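# Fold and geometry: a report
What follows is each chain in one-letter form.
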Amino acid sequence: QPRRTDYLLSDYPTYTILGQSQYQACYPSSSFGVPGQTNSDAERTTLAAATYQTEKPSVLGPAAAAPRLSPDGFSGSGGSGSHGSSVGVQGGVDWMRKLAFRYRKVREIYDKHKSNVGGLLSPQRKEALQRLRAEIEVLTDSWLGTALKSLLLIQSRKNCVNVLITTTQLVPALAKVLLYGLGEIFPIENIYSATKIGKESCFERIVSRFGKKVTYVVIGDGRDEEIAAKQHNMPFWRITNHGDLVSLHQALELDFL
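Residues numbered from 1 in each chain as written. Predicted model: local features only at pLDDT ≥ 70, side-chain atom pairs only at ≥ 80, totals over all residues. Heavy atoms only, no water.

## Here's the deal with the overall build of the protein
Applied cut-off: Only DSSP runs of H or I covering at least 4 residues are called helices, and only runs of E covering at least 2 are called strands; the numbering of each starts at the N terminus. The buried label applies to any residue whose accessible area, calculated with a 1.4 Å probe on protein chains only, is under 20% of its type's maximum; exposed applies above 50%, and partly exposed to all values in between. Per-residue and other accessible areas follow the Shrake-Rupley method at a 1.4 Å probe size, with only the shown protein chains counted as cover for residues.
Helix and strand counts for the protein come out as seven helices and seven strands. Listing the helices and strands of the protein from first to last along the sequence gives β-β-β-α-α-α-β-α-β-α-β-α-β-α. With 257 residues in all, the protein has 47% of them scored as buried. Only carbon and sulfur atoms are counted for the fraction: they give 52% of the accessible area of the protein, which is about 12,800 Å².

## Overview of the UniProt feature "binding site: Mg(2+)" (unreviewed entry) in the protein
Which entries qualify depends on this criterion: UniProt positions are given in the numbering used here, feature names are shortened, and annotations may be inferred rather than shown by experiment.
Per the UniProt record, "binding site: Mg(2+)" (unreviewed entry) is annotated on D221. Of note, D221 is situated in the loop between β6 (214-220) and α6 (223-231).

## Digging into the pairing of strand β4 (residues 162-166)
For clarity, the threshold we go by: Each pair of strands is called paired provided DSSP finds at least two bridges between the two strands. Look down the strands so they point away from you; if going from the first strand over the helix to the second traces a clockwise path, that crossover is right-handed.
Most of β4 is tucked away, with five of its five residues classed as buried. Residues N162, L164 and T166 of β4 are buried on one face, and the alternating residues V163 and I165, pointing to the opposite face, are buried as well. Two elements, β4 and strand β5 (residues 191-193), share three bridges in a ladder whose sense is parallel. Across the sheet, T166 pairs through a bridge with S193, a residue of β5. A crossover links β4 with its parallel partner β5, the connecting element being helix α4 (residues 170-179), and its sense is right-handed.

## Quick notes on the packing of helix α1 (residues 93-113) against α4
Inclusion rule: A fitted line through C-alpha atoms serves as each axis, taken over the contacting stretch for helices, and the angle formed by two N-to-C directions is quoted from 0 to 180°. Throughout this description, any angle smaller than 35 degrees is read as roughly parallel, any larger than 145 degrees as roughly antiparallel, any in the 65 to 115 degree range as roughly perpendicular, and the remainder as oblique. For this analysis, residues touch if any pair of their heavy atoms sits within 4.5 Å. Here the nonpolar group is Ala, Val, Leu, Ile, Met, Phe, Trp, Tyr, Cys and Pro; Asp, Glu, Lys and Arg are the charged ones; every other residue, Gly included, is treated as polar.
Contact geometry for α1 and α4: axes closest at 11 Å, N-to-C directions at 5 degrees. Comparing the axis directions of α1 and α4 gives the class roughly parallel. Only L170, V171, L174, V177 and L178 of α4 make contact with α1, whose side of the interface consists of Y103, V106, Y110 and H113. The class makeup of the residues in the contact of α1 with α4 is eight nonpolar, one polar and no charged.

## A short note on the environment of Y192
Within the secondary structure layout, Y192 lies in strand β5. Note: C-alpha distance between Y192 and Q169 (23 residues apart in sequence) is 9.3 Å.

## Notes on the nonpolar core
Using the following cut-off: Definition of nonpolar core: a set of buried residues of the types Ala, Val, Leu, Ile, Met, Phe, Trp, Tyr and Cys, connected through side-chain atoms within 4.5 Å.
Counting residues in each nonpolar core, the largest one holds 20 residues, and the members touching the most others are Y110, L174, V177, L182, F186 and I191. Mapped by element, the contributors of at least two residues to this core are α1, α3 (143-156) and α4. Counting residues in each nonpolar core, the second largest holds 16 residues, with C202, F203, V214 and V218 among its members.

## Let's talk about the pattern of salt bridges
Rule in force here: Salt bridge, as used here: a side-chain nitrogen of Lys or Arg that lies within 4 Å of a carboxyl oxygen of Asp or Glu.
Scanning all chains against the criterion turns up 11 salt bridges. R131 serves as the salt-bridge partner of E127, at 3.8 Å between the closest nitrogen and oxygen. One end of the pair, E127, and the other, R131, are both in helix α2 (residues 123-139), four residues apart, so they sit about a helical turn from each other. Residue classification places E127 among the partly exposed positions, given a relative accessible area of 48%. Ionic pairing is found between E226 and R238, a salt bridge with its closest N-O pair at 2.1 Å. Of the two residues, E226 sits in helix α6 while R238 sits in strand β7 (residues 234-238), which places them 12 residues apart along the sequence. The network of salt bridges with common partners includes D94, R97 and K98.

## Some remarks on helix α7 (residues 242-253)
Side chains three or four residues apart in an α-helix point the same way, a direct result of the helix having 3.6 residues per turn. Applicable threshold: A helix is expected to reach a length of 1.5 Å times the quantity of its residues less one. We define a polar contact as two N or O atoms separated by no more than 3.5 Å, with the added condition that, inside protein, one atom must be a possible hydrogen donor and the other a possible acceptor, whereas residues neighbouring each other in sequence contribute only through side-chain atom pairs.
Taking 1.5 Å of rise per residue, the 12 residues of α7 would be expected to cover 16 Å, and the 17 Å separating its terminal C-alpha atoms lies within 8% of that figure. For α7, the complete set of buried residues consists of H242, G243, D244, L245, V246, S247, L248, H249, Q250, A251 and L252. Of the surrounding elements, those touching the buried residues of α7 are α3, β6 and β7. Among the residues of α7, the N-terminal cap falls to N241, whose side-chain oxygen and the backbone nitrogen of G243 are separated by 3.1 Å. Downstream of α7 by one or two residues, D255 has phi in the positive range, about 65 degrees.

## Description of the packing of α3 against α7
Under the convention used in this document: In this scheme, a crossing is called left-handed if the near helix is turned counterclockwise away from the far one by less than a right angle; it is called right-handed if the turn is clockwise.
One way to put it is that α3 packs onto α7 with a least axis distance of 10 Å and a crossing angle of 25 degrees. As judged from the angle between their axes, α3 and α7 are roughly parallel. Between α3 and α7 the crossing geometry is left-handed. For the pair formed by α3 and α7, the contact residues are W143, T146, A147, K149, S150 and L153 on the first element and H242, L245, V246, H249, L252 and E253 on the second.

Written as structure tokens, this is what we have:
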């Protein structure tokens, strides 16, 4: 009986431009993520991709300022309830109600603008964003474009989904996904923030959600996601330079993954 399949990936801070390299072997390594509301300077992003009923693996994408919310009773940017008495006691009924309202609004904004982030920006900023994206593509030898091709390949496969894990706080991470034009690739329920709980806990939640009778392929450049993948016996595809990203796309195109 065919198996469902999932895949995990990661943002790549290295932009070394290399020629095409040979396929790097996948080697086995032994809903909305509300927890990410603490302060953190970490900006690494781990992406995950996909479930489908075949033995093919899947792939990636990178993950800015958070969108403005309608007033929800929180006076602090973190929404932790530690600023201002109007929020109520953190963890209390009133606090949880306001937090739930905030995340409903965040989801509403994300779903409404996932295909058109320009609707959140002024004409000037929209133009500046388009110009910035084009400049980034030139400077990184189409890094985002290559990643996007891989993500779209995964998305086109039957029963396959893209999942993103990031150490960025949730709302800024959602904003980044929109600004990079990846809103259609990553449904909001498939974006997990590891800021507070760590990547290993995010992996556990994903496995709990999709099940163990699934093939996961983790794609990243960090030790934390490699270790987490190993603990769950997930194959890990390391990305350390541009050539690795190109090879990944070629492997997907040729159905090696």
